[in-house]
Amino acid sequence: MDFSLSDTQQSIKRMAADFVDAEIVPHIRDWDRAESVDRSIVERLGELGFLGLTIDEAYGGTDVDMLSYVLVCEELGRGDSSVRGIVSVSLGLVTKTIDAYGTDAQKQQWLPRLTSGTSLGCFALTEPDSGSDAGSLRTRARRDGDGWVIDGEKMFITNGTWADVALVFARTSDDGSRGVTAFLVPTDSIGFEANVIHGKLGLRGQATAGLSFQGVRVPDSARLGEVGKGFGIALSALAKGRISVAAGSVGVAQAALDAAVKYSTERTQFGAPIASKQLVQELLADSAVDIESARLLTWRAASLVDQGATAKELTLPSSMAKLAASETAVRVTNNCLQVFGGYGFIDEYPMGKYLRDARVLTLYEGTSQVQKLIIGRQLTGHDAM
C-alpha cells in the first residue's frame, strides 16, 4: 500500500509534533512524579482540534481521515502516553461511539462539549472481575418506570476522575454478551463515585479510576443504541481503539529510540562514542526495524477504516497492529534503556518512564494473549477462547 502522506496529513503531523515538543516533553518527568498531567492540557487539546479528529464540523469536530488521527496519536505517544490516553479514550472510544450510534439529541448534547475539551468522556467496560472476558460483566441496569437504575463497579477506567460522561456497559438480561446495553451516564449523577488509582507502574500521569454505581438513575434517553446491543457497540469501538493504542505504542518506541541514538553519540567509553560499538548499533538497528514494521501495520489498519471497512473486517488488522506495536514498544524501550546503562535507571532521563508506560500497552484493550487468540480465530475459524 502507498503510505505517502498528503499535504494535509503532513501538516497535521507537524502541528502535533510541534505541540508535543513545546508543551508536553518539557513536563513529562514532573507529571510522572506528581502522578498527574496538568489538567490545562485538555483545553489545549480541544483548542488544537485533537479531541474532535474525524468528527463532523457541525459538532465542532475536525473533518479528517483516520490516518490523520493515527498520526496525532503517534506523536502524542512520543510525548507522553498519559496524554495520548486522554485523546484515545475520550475521542476514540466515547466521542466516536456517540457519533456512530447516538441519536440526534445525544449528539447535540455531548459531541460539541467533547470535541472542544470542555468535557471528557470515559469508557466504562472493564470490571474488577471481568477484563478480557468482557461479556461476563456484572454491572446491572434494571428498568424502573421510564428509565433505568444502574448498580455495579468498574475498574481501571482512563479519565475516570476527570470525565463528565461515562459510556457505561451494563447487563440488562442474563443472555450472555447479548444481554449487555450501553448507557451515557453523566458523572454528576447521584450514586456515581470515582476513585483515583495511585501507585501505577506506568501511565502515572493519567487519571485512572475505579467507578462505583449505586442506584444511579438515568432516563431511557441515556441509552446508546438498542437494548442488548451494547456488547457489539463495545467491540466496534475497541476494534478502532486498538489502532490508536498501536499508534501510541509506535510513538513511545520512537521516543525511546530517538533518545538512545542521541545519548549514544554523546556518551564516550573506551575512547569513543558508544554509538561506534557494534552491539550498541545492533540494539538501535533492531529497534528501528521493529518500529517501522509496527508503524506500517498501524497505518494499514487506519487506511482500511478510511476505505470503509466494517468492524468485522477490521478485527484481524487492528489486532495484528495492536499486538505487534505494543510488544514492539516493550522490546524497544527495554533495548534503548540498555544503551543508557545505569543512567537509564534514574528519572533524570526518560527511559524508565518509557519502559513503564510501554508495559501496560500489552494489557489494556485486549492483552497480547487475547490478540493472538483473535488472530488465530480469524485465520482458522476456530475459537480458542
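Please refer to the structure higher up on the page.
Rules used throughout
Residues numbered from 1 in each chain as written. Predicted model: local features only at pLDDT ≥ 70, side-chain atom pairs only at ≥ 80, totals over all residues. Heavy atoms only, no water. Helix = DSSP H or I, 4+ residues; strand = E, 2+ residues; numbered from the N terminus. Rg over C-alpha atoms; globule rule 2.2 N^0.38 Å. Buried < 20%, exposed > 50% of the residue type's maximum accessible area, 1.4 Å probe, protein only. Contact = heavy atoms within 4.5 Å. Areas by Shrake-Rupley, 256 points an atom, 1.4 Å probe, with all protein chains shown as cover. Lys, Arg positive; Asp, Glu negative; His and termini not counted. Charge placed at Lys NZ, Arg CZ, Asp CG, Glu CD. Salt bridge = Lys/Arg side-chain N within 4 Å of Asp/Glu carboxyl O. Polar contact = N/O pair within 3.5 Å; in protein donor to acceptor, adjacent residues only side chain to side chain. Patch = residues over 30% accessible without salt bridge, like charges linked within 9 Å, V, L, I, M, F, W, Y side chains within 5 Å. Expected span 1.5 Å × (residues − 1). Phe/Tyr/Trp six-rings, centres within 6.5 Å; stacked < 30°, edge-to-face > 60°. Lys NZ or Arg CZ within 6 Å of the ring centre and 35° of its normal. Pairing = 2+ DSSP bridges. Axes fitted to C-alpha atoms, helices over the stretch in contact; angles between N-to-C directions. Parallel < 35°, antiparallel > 145°, perpendicular 65-115°, else oblique. Left-handed = near helix turned anticlockwise from the far one by under 90°. Nonpolar A, V, L, I, M, F, W, Y, C, P; charged D, E, K, R; others polar. Disulfide = S-S within 2.5 Å.

Asks: Quick question: what am I supposed to make of the overall build of the chain here?
Replies: Regarding its fold elements, the chain presents 11 helices and 10 strands. Here the C-alpha radius of gyration of the chain, 21 Å, is about what a compact globule of 385 residues would show, namely 21 Å. Taking all 385 residues of the chain together, 55% fall into the buried category. Taking as baseline every contact in the chain between residues at least 6 positions apart, the subset at least 24 positions apart corresponds to 74%. Surface summary for the chain: the accessible area is close to 16,500 Å², and the carbon and sulfur share equals 51%. Treating the 38 positive side-chain charges of the chain as one cloud and the 48 negative ones as another, the clouds have centres 4 Å apart.

Asks: Help me understand the pattern of salt bridges, please; the structure alone is not making it clear to me.
Replies: One side chain can pair with another of opposite charge once the charged atoms of both are near each other. Summed over all chains, the structure comprises 23 salt bridges. Taking the shortest distance from any N to any O, the salt bridge between Asp 21 and Arg 78 comes out at 3.0 Å. With Asp 21 in helix α1 (residues 7-23) and Arg 78 in helix α4 (residues 66-79), this pair connects stretches of sequence that are 57 residues apart. Its relative accessible area of 42% is what places Asp 21 among the partly exposed residues. Asp 144 is the salt-bridge partner of Arg 142, the closest N and O atoms lying 4.0 Å from each other. With a relative accessible area of 30%, Asp 144 lands in the partly exposed category. Counted as one network, the salt bridges with shared partners bring together Lys 13, Asp 21, Glu 75 and Arg 78.

Asks: Just checking my understanding: could you explain the side chain of Ser 244 for this structure?
Replies: Relative to the assigned elements, Ser 244 resides in helix α7 (residues 230-266). Among the polar contacts listed, one links the side chain of Ser 244 to the side chain of Ser 88, at a separation of 3.5 Å. When residues no more than four places from it in sequence are discounted, the contact partners of Ser 244 are Tyr 69, Cys 73, Arg 84 and Ser 88.

Asks: What's the story with a nonpolar patch on the surface in this structure? I'm lost.
Replies: Taken together, Tyr 343, Phe 345 and Ile 346 make up a surface patch of nonpolar side chains, about 350 Å² in accessible area. Position of Phe 345 relative to the elements: it lies in the loop between α9 (311-340) and α10 (351-359).

Asks: Explain α4 to me, please; I cannot follow it from the model alone.
Replies: Counting along an α-helix, one turn takes 3.6 residues, and residues three or four places apart therefore face a common direction. Here α4 is 14 residues long and its end C-alpha atoms lie 20 Å apart, about the 20 Å a rise of 1.5 Å per residue gives. Of all the 14 residues making up α4, 14 are buried; the element is thus mostly covered by neighbouring parts of the structure.

Asks: I tried to follow the packing of aromatic side chains on my own but got confused; where do I start?
Replies: How two aromatic rings sit relative to each other is set out by the distance from centre to centre and by the angle between their planes. Applying the stated criterion to the full structure yields 8 aromatic pairs. Taken together, the ring pairs in this structure connect Tyr 263, Phe 340, Tyr 343 and Tyr 349 into an aromatic cluster. The cationic tip of Lys 96 hangs over the ring face of Tyr 69; the distance from NZ or CZ to the ring centre is 3.7 Å.

Asks: Even after reading the chapter, I still don't get the pairing of strand β5 (residues 180-186), so can you show me in this structure?
Replies: The element β5 is extensively covered by neighbouring structure, given that 6 of its 7 residues are classed as buried. One ladder, built from 7 bridges, connects strand β4 (residues 165-171) with β5; its direction is antiparallel. Within β5, the position partnered with Phe 169 by the bridge is Ala 182. Pairing between β5 and strand β8 (residues 223-224): 2 bridges, direction antiparallel. Its bridge partner being in β8, Ala 182 is matched across the sheet by Leu 224.

Asks: What's the story with the packing of helix α5 (residues 81-101) against helix α6 (residues 104-116) in this structure? I'm lost.
Replies: In helix packing, the relevant descriptors are the interaxial angle and the interaxial distance, both defined with respect to the helix axes. Interaxial distance between α5 and α6 falls to 9 Å at its minimum, and their mutual angle equals 155°. With respect to α6, the element α5 is oriented roughly antiparallel. Where α5 crosses over α6, the handedness of that crossing is left-handed. Judged by residue contacts, Ser 90, Val 94, Thr 95, Ile 98 and Asp 99 of α5 engage Gln 106, Lys 107, Trp 110, Leu 111, Leu 114 and Thr 115 from α6. Its residues assigned to classes, the contact of α5 with α6 comprises 5 nonpolar, 4 polar and 2 charged.

Asks: I tried to follow the state of the cysteines on my own but got confused; where do I start?
Replies: Linking two cysteines covalently via their sulfur atoms produces the bond known as a disulfide. Here the structure, examined in full by the defined rule, presents 0 disulfides. Cys 73 forms no disulfide, and the closest cysteine sulfur to it belongs to Cys 122, at a distance of 18 Å. You can call Cys 73 buried: its relative accessible area is 0%. Judged by relative accessible area, which is 0%, Cys 122 ranks as buried.

Asks: Just to check I follow, could you spell out the environment of Gly 117 for this structure?
Replies: Checked against the element boundaries, Gly 117 lands in the loop between α6 and β1 (121-124). In sequence terms Gly 117 and Ala 256 are 139 residues apart; their C-alpha atoms lie 29 Å from each other. Setting aside its immediate chain neighbours within four residues, Gly 117 contacts Val 42, Gly 46 and Leu 51.

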